[in-house]
Amino acid sequence: MKLKNKTFALAITGLSLCFSLQAQEGVVNVSQDGDIAKLLEFKKDIKTAKVYRIQVYQDVDIDKAKREKANFLNAYDEWPVEIVWNTPNYKVWVGNFTTRLEADRAWAKIKEKYMYAIIFQPKTDD
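All of these numbers come straight from a predicted model, not from anything done at the bench.

### Brief notes about the overall build of the protein chain
Turning to step 1, where the next piece is worked out: A count of helices and strands for the protein chain gives four helices and four strands.
Turning to step 2, where the next piece is worked out: Secondary structure elements in the protein chain, listed N-terminal to C-terminal, are α-α-β-α-β-β-α-β.
Turning to step 3, where the next piece is worked out: Evaluated residue by residue, the protein chain yields a buried proportion of 21% over its 126 residues.
Turning to step 4, where the next piece is worked out: Sequence-distant contacts, at least 24 apart, represent 66% of the contacts inside the protein chain between residues at least 6 apart.
Turning to step 5, where the next piece is worked out: Split by element, the accessible area of the protein chain, about 10,500 Å² in all, is 57% carbon and sulfur.

Here you go:
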């Protein structure tokens, strides 16, 4: 009988403590510079912008890729060119076109000399 009374008393004490304890309440005010909202909007626009590029060459040898980049710049100097390492090849990418139509027009010119050139959208790092 004593064990039941102790258990009952312990349960009553525990419940009364639970009801008597209250969490603290507070108000949080955040003040930030107005330029932060502009920067976030700018970043959102950059991430959602579609970019098209043209791949004109790929090889496992970086020296050949550099040579091909130089040859491309001699023939076409109107677009930016970069070498990108994408396992296991070095790739020569041309342009930073904002529309598919712009990329198609450049591809039509490039295709005369680089018949294996392709248009693609590079994956964005998030």
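### Comments concerning helix H4 (residues 100–110)
Turning to step 1, where the next piece is worked out: Within H4, the full set of buried residues consists of Ala-103, Ala-106 and Ile-110. Looking down the long axis of H4, one finds its buried residues gathered within 65° of arc, a one-sided arrangement.
Turning to step 2, where the next piece is worked out: The inward-facing, buried residues of H4 abut strand S1 (52–59), helix H3 (62–75), strand S3 (89–97) and strand S4 (118–120).

### Focus on the pairing of S3
Turning to step 1, where the next piece is worked out: Of all nine residues making up S3, seven are buried, and the element is well covered by its neighbours.
Turning to step 2, where the next piece is worked out: Relative to S3, strand S2 (residues 81–86) is paired through six bridges, and the arrangement is antiparallel. From the neighbouring strand, Val-81 faces S3, where its bridge partner is Val-94.
Turning to step 3, where the next piece is worked out: Where S2 folds back on S3, the antiparallel hairpin that results is connected by two residues.

### Some words on the pattern of salt bridges
Turning to step 1, where the next piece is worked out: Under the counting rule described, the total for this entry stands at four salt bridges.
Turning to step 2, where the next piece is worked out: Glu-82 is the salt-bridge partner of Arg-53, the closest N and O atoms lying 2.2 Å from each other. Placement of Arg-53 in strand S1 and of Glu-82 in strand S2 is noted, with a sequence separation of 29 residues between them.
Turning to step 3, where the next piece is worked out: The class for Arg-53 is buried, based on a relative accessible area of 15%.
Turning to step 4, where the next piece is worked out: Here Arg-100 and Asp-104 are joined by a salt bridge, their closest N and O atoms 3.2 Å apart. With Arg-100 and Asp-104 both in helix H4 and four residues apart, this pair spans about one turn of that helix.

### Side note on the environment of Ala-103
Turning to step 1, where the next piece is worked out: On the secondary structure map, Ala-103 appears in helix H4.
Turning to step 2, where the next piece is worked out: The class of Ala-103 is buried, set by a relative accessible area of 0%.
Turning to step 3, where the next piece is worked out: Each C-alpha atom of the pair Ala-103 and Arg-53 lies 6.9 Å from the other, and the pair is 50 residues apart in sequence.
Turning to step 4, where the next piece is worked out: Once you skip the residues sitting within four places of it in the chain, Ala-103 turns out to touch Tyr-52, Ile-54, Phe-97 and Ile-119.

Conventions and cut-offs
- Residues numbered from 1 in each chain as written.
- Predicted model: local features only at pLDDT ≥ 70, side-chain atom pairs only at ≥ 80, totals over all residues.
- Heavy atoms only, no water.
- Helix = DSSP H or I, 4+ residues; strand = E, 2+ residues; numbered from the N terminus.
- Buried < 20%, exposed > 50% of the residue type's maximum accessible area, 1.4 Å probe, protein only.
- Contact = heavy atoms within 4.5 Å.
- Areas by Shrake-Rupley, 256 points an atom, 1.4 Å probe, with all protein chains shown as cover.
- Arc of directions from axis to C-beta.
- Pairing = 2+ DSSP bridges.
- Salt bridge = Lys/Arg side-chain N within 4 Å of Asp/Glu carboxyl O.

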